[in-house]
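Tertiary structure, described
Here is what each chain is made of, one letter per residue.
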Amino acid sequence: MEIKHKESDSRGMFYIEKENSLVAELTYHKKGDVITIDHTEVKREMENQGIGSSLLKESVEFARKHNLKIDPLCPFAEVKFDENPEYSDVRVS
């Protein structure tokens, strides 16, 4: 599944579409050099396939590429950051 990204001045999202329908999304708002992940959702029939984790990994790679930090406000993102110490380089301290 292809992860897509779109961003405006202060908002953005990583998402996956299937047959022109949104099946998963991770949304964030951006202020300065910090992106705050505020929502992650995967359609129920697509849950437990690692899709949310893939979206989060993509956001981490995006942050690294653009020298940004991430504030994982969303409960899912916060848990995944705690489970993956390799993300600590981009986590807001």
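Residues numbered from 1 in each chain as written. Predicted model: local features only at pLDDT ≥ 70, side-chain atom pairs only at ≥ 80, totals over all residues. Heavy atoms only, no water.

**Quick look at the overall build of the protein**
Note the threshold: Only DSSP runs of H or I covering at least 4 residues are called helices, and only runs of E covering at least 2 are called strands; the numbering of each starts at the N terminus. Within these notes, the globule rule equals 2.2 Å times the number of residues to the 0.38 power, and the radius of gyration is based on C-alpha atoms. Only protein chains enter the area calculation, which uses a 1.4 Å probe; residues under 20% of their type maximum are buried, those over 50% are exposed, and those in between are partly exposed. In what follows, residue pairs with any heavy atoms lying within 4.5 Å of each other are defined as contacts. Only the protein chains shown count as covering a residue, and every accessible area follows the Shrake-Rupley method with a 1.4 Å probe. This count recognises Lys and Arg as positive and Asp and Glu as negative, with His and chain-terminal groups excluded. One atom stands in for each charge, and that atom is NZ of Lys, CZ of Arg, CG of Asp or CD of Glu.
Along the protein, the regular secondary structure elements total two helices and five strands. Along its sequence from the N terminus, the protein presents helices and strands in the succession β-β-β-β-α-β-α. In terms of C-alpha radius of gyration, the protein reaches 12 Å, essentially the compact-globule figure of 12 Å for 93 residues. By principal-axis analysis of the C-alpha atoms, the protein measures approximately 35 × 30 × 20 Å. Sorting the 93 residues of the protein into buried and exposed places 37% on the buried side. For the protein, the share of sequence-separated contacts (at least 6 apart) that also reach a separation of at least 24 residues comes to 36%. Counting every atom, the protein has about 5,800 Å² of accessible surface; 44% of that belongs to carbon and sulfur. Distance between charge centroids for the protein: 2 Å, based on 14 positive and 19 negative side chains.

**A few points about the sheet that holds strand β1 (residues 4-7)**
Defined as follows: DSSP bridges decide pairing: two strands pair if at least two such bridges lie between them. Lines fitted to C-alpha atoms define the axes here, with helix axes fitted over just the stretch in contact, and angles between the N-to-C directions of these axes take values from 0 to 180 degrees.
Strand order in the open sheet formed by five strands is β1-β2-β3-β4-β5, and the pairing between neighbours is mixed. Whereas interior strands pair on both sides, the edge strands pair on one side only; in this sheet they are β1 and β5 (69-72). Ignoring strand direction, the axes of neighbouring strands in this sheet form an average angle of 25 degrees. Here four bridges tie β1 to strand β2 (residues 11-18), and the two strands are oriented antiparallel to one another. When the sheet's bridge partners are listed, K4 is paired in β2 with Y15. Sheet strands in contact with helix α2 (residues 75-83) are β4 (34-42) and β5, and its direction is about 115 degrees off that of β5.

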